[in-house]
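Analysis of the macromolecular model
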Amino acid sequence: MRQKIIFKINNQNLYEDMILIDDIYPLLFTCVDDLENTYLCSCYFADPSKILWLVTKTDLESVIDLLINKVTIRELFESDELWAICKSKNEEIQVKRIEDCKNFDEKAFPAEGEYMDADTGEFEEEIAILKKRV
């Protein structure tokens, strides 16, 4: 059974999947669509008036590589399938496809060289779940 719908991209509902970094709200998390495609979402701005996310389509192997510190967070967002999403305080959601990630706001992306810095076994449960889906 799917979790709640978080976003809608390309006429596909994106459902909350795994929260990887959490604070007052999820900062880095995965979503899946009805076709079982995987997306990685990063919150890059939040204040009382709006929340902004970067969303990229990815694959399960790349998420596993992220969780074992094989790739940086930013590397997964350097993609041709990237969207900026804004949710305003009145719950209005705007989705914008980013045609060229190199010409988008640099501050929206995770810092270069930033890994998950996972401790040994920290994401063991998540990795096991992802490996079953591959």
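No experiment lies behind these values; they were computed from the predicted model shown.

**A short note on the side chain of Thr-72**
For Thr-72, the location among the structural elements is in the loop between α1 (60–67) and α2 (73–77). Assessed through its relative accessible area of 6%, Thr-72 is described here as buried. What Thr-72 contacts, discounting residues up to four positions off in sequence, is Leu-66, Gly-113, Glu-114 and Tyr-115.

**Looking at the pairing of strand β6 (residues 82–88)**
Remember that side chains alternate between the two faces of the sheet whenever the strand is regular. Most of β6 sits out of view: five of its seven residues are buried. Pairing of strand β5 (residues 50–58) with β6 involves seven bridges; the strand directions are antiparallel. In the sheet register, Thr-56 faces β6, and the bridge partner there is Leu-82. Here six bridges tie β6 to strand β7 (residues 93–98), and the two strands are oriented antiparallel to one another. When the bridges of β7 are listed, Lys-87 appears paired with Ile-93. The loop that links β6 with its antiparallel partner β7 comprises four residues; one of these, Glu-91, has a positive phi angle of about 75 degrees.

**Points about helix α3 (residues 124–133)**
Restricting attention to buried positions, one finds in α3 the residues Glu-126, Ile-127 and Leu-130. Projected down its long axis, α3 carries its buried residues within an arc of 95 degrees, all on one side. Residues Glu-124, Glu-125, Lys-131 and Lys-132 are exposed on α3 and point more than 90 degrees away from its buried face. As for α3, its buried residues are in contact with β2 (12–22) and α1.

What counts and how
- Residues numbered from 1 in each chain as written.
- Predicted model: local features only at pLDDT ≥ 70, side-chain atom pairs only at ≥ 80, totals over all residues.
- Heavy atoms only, no water.
- Helix = DSSP H or I, 4+ residues; strand = E, 2+ residues; numbered from the N terminus.
- Buried < 20%, exposed > 50% of the residue type's maximum accessible area, 1.4 Å probe, protein only.
- Contact = heavy atoms within 4.5 Å.
- Pairing = 2+ DSSP bridges.
- Arc of directions from axis to C-beta.

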